[in-house]
Amino acid sequence: MTLDQFFPFWKELTPAQQETLTRFVTRRSVKKGTILHNGSEDCVGLFIVEEGQLRAYIVSEEGKEISLYRLLPWDMCLFSASCMMNSIQFDVTVIAEQDSEILHIPTAVYQGMMKESASVANFTNEIMASRFSDVMWLMDQILYKRMDSRLAALLLEESQLSQTSQLKLTHEAAARYLGSAREVITRMLKYFQTEGIVSLSRGGIAITDSEKLAALAKDSIR
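Residues numbered from 1 in each chain as written. Predicted model: local features only at pLDDT ≥ 70, side-chain atom pairs only at ≥ 80, totals over all residues. Heavy atoms only, no water.

Student: I'd like a description of unusual backbone geometry, backed by residues and values.
Tutor: At Trp74, a residue that is not glycine, the phi angle is positive and equals roughly 70°. Classification of Trp74 by relative accessible area gives buried; the value is 19%. Positive phi values are uncommon outside glycine, yet Gln163 reaches one of about 55°. Topologically, Gln163 is positioned in the loop between helix H5 (147-162) and strand S9 (166-167). Residue classification places Gln163 among the exposed residues on the basis of a relative accessible area of 74%. (Buried < 20%, exposed > 50% of the residue type's maximum accessible area, 1.4 Å probe, protein only. Helix = DSSP H or I, 4+ residues; strand = E, 2+ residues; numbered from the N terminus.)

Below, the structure is given as structure tokens:
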């Protein structure tokens, strides 16, 4: 997919604006584990995922991570340029979950486009609204949904993303995703195992009954 295919506002831009956007977009290769954005003081610009996978998360005062959402191919990350949005600051960290190819748009370039074009501003607002919806859904999950349901949904999501029932997911990683303690996740996974839903091994989780897992996850699948 090219820029003109990705941005619905492309045809609304002037030739000069199209040329500017094309000229300032750069491609970056990042390794798994690379932190691309780290908190509200780090306004690095916008990222578009070409290949791979990114994860946006927050860290509590106690040091617990809570995943907000994932960014898959041709998703755009706005929170890495939150400084261009008046009165909105987010201490969100964005990390590469896989080796990834990303496109980078400098904050000043995109901010200039937003000021000049209502179509760009509207597109940006739509993405921001979608991300807020993701965050509000997450808060509802944390406040009102059972942890076993959330864990089951995470396992299903991991299986769908990796296209296998053999998950390379540690208990520690699952706890980080869900903002829980590793001990809590371990207890629940052992319960899942006694129910025949999963099989546990060192550094991995195998889904053995996807129907039971889906039934358990029904309240936490979006």
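Student: Could you give me a rundown of the domain arrangement of the protein chain, with the residues and numbers involved?
Tutor: Taken domain by domain, the protein chain comprises domain 1 (3-142) and domain 2 (145-221). Here the C-alpha centroids of domain 1 and domain 2 sit 28 Å apart. Contact residues are listed per partner, giving 14 residues for domain 1 and twelve residues for domain 2. By the criterion of area lost to domain 2, the three top residues of domain 1 are Glu65, Arg70 and Gln141, representing 48% of everything that side buries. (Domains from an automatic or database assignment. Contact = heavy atoms within 4.5 Å. Buried area = accessible area lost by both parts, 1.4 Å probe.)

Student: Before we move on, can you summarise the sheet that holds strand S7 (residues 93-96) with the specific residues and values?
Tutor: Spatial ordering of the open sheet is given by S2-S7-S4-S5, a layout of four strands whose pairing is antiparallel. The sheet terminates laterally at strand S2 (35-38) and strand S5 (65-71), the two strands that pair on one side only. Going across the sheet, the axis of each strand differs from the next one's by a mean of 20°, ignoring polarity. The sheet contacts of helix H6 (residues 171-178) involve strand S4 (54-59) and S5, and relative to S5 the element is tilted by about 85°. (Pairing = 2+ DSSP bridges. Axes fitted to C-alpha atoms, helices over the stretch in contact; angles between N-to-C directions.)

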